[in-house]
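Notes for the structure review
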Amino acid sequence: SADDQYDQQLRSPSKMAGGDGYKMRIYNESGRNICGDFIGVVMEKALKMGESNACMKRIVAAPTAGSCGVIPAVLLSYEKCFGVTEDECVKALLIAAGIGAVIAENASIAGAAGGCQASAMAAAGLAYMQGADSEGCANALALALKSMLGLTCDPVCGLVEVPCIKRNVSGAVNAITAAQMTMAGIKSVIPA
């Protein structure tokens, strides 16, 4: 996977990306990351996925190449840190994919036009893995998506590197906070 085969020496052809996933891993291992183990791993994986994409490694563009780190960072980190079965992770991915398909059909797949769909998809998948029903998954996606609306998406040099790679971290952490609000019983005023 892009995480297991991450190479901190690689740099993207533009030289704007590479090595930050390694820096995050070292920082996490130092014990100074106040975000805790789970969020720290999520941040690291989001960076690694985005950088692997920029360095022409094989990734899954879900829903886009620019946001490729959000869903795997959230769902695979949860699977690893909390011992969720692979089957449950696959079900969460199916939920995320279904939500992505609905958003793509009815709104926009472009983050610049419709907010970060990957964050909404990951929020719903994570809520599912934590035991949310379909209403809870929809609420998580609504909380995540509305928190990402209005972001200007103007990639430097037309490449999905800057600001996209670091924005993967923001989208992943946003997904987690949306799922946690949902699990706490907090409802989005604006429904999915």
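Our subject is the structure that appears above.
Residues numbered from 1 in each chain as written. Predicted model: local features only at pLDDT ≥ 70, side-chain atom pairs only at ≥ 80, totals over all residues. Heavy atoms only, no water.

**Structural notes on the packing of aromatic side chains**
Within the structure shown, the criterion is met by 3 aromatic pairs. With a centroid separation of 6.1 Å and an interplanar angle of 80 degrees, the aromatic rings of F38 and Y78 are classed as edge-to-face. Here the residue F38 occupies a position in helix α2 (residues 36-54), and Y78 occupies one in helix α3 (residues 70-82), the gap between them amounting to 40 residues. A relative accessible area of 15% places F38 in the buried class. With a relative accessible area of 11%, Y78 lands in the buried category. (Phe/Tyr/Trp six-rings, centres within 6.5 Å; stacked < 30°, edge-to-face > 60°. Helix = DSSP H or I, 4+ residues; strand = E, 2+ residues; numbered from the N terminus. Buried < 20%, exposed > 50% of the residue type's maximum accessible area, 1.4 Å probe, protein only.)

**Regarding the pattern of salt bridges**
Summed over the entire model, instances satisfying the criterion amount to 6 salt bridges. One salt bridge in this structure joins E29 and R25, with 2.8 Å as the shortest N-O distance. Placement of both E29 and R25 in helix α1 (residues 20-30) is noted, with a separation of 4 residues, approximately one turn of the helix. The partner of K91 in a salt bridge is E88, with the nearest N and O atoms 3.5 Å apart. Of this pair, K91 and E88 both sit in helix α4 (residues 86-106), 3 residues apart, which is roughly one turn of the helix. Its relative accessible area of 35% is what places K91 among the partly exposed residues. Each of the salt bridges in this network shares a partner with another, and the network as a whole consists of D20, K23 and K166. (Salt bridge = Lys/Arg side-chain N within 4 Å of Asp/Glu carboxyl O.)

**Things to note about the side chain of N28**
Among the secondary structure elements, N28 is positioned in helix α1. At 2.8 Å, the side chain of N28 forms a polar contact with the backbone oxygen of G40. If we ignore the near neighbours within four places in the chain, the residues touching N28 are N33, G40, V41 and E44. (Polar contact = N/O pair within 3.5 Å; in protein donor to acceptor, adjacent residues only side chain to side chain. Contact = heavy atoms within 4.5 Å.)

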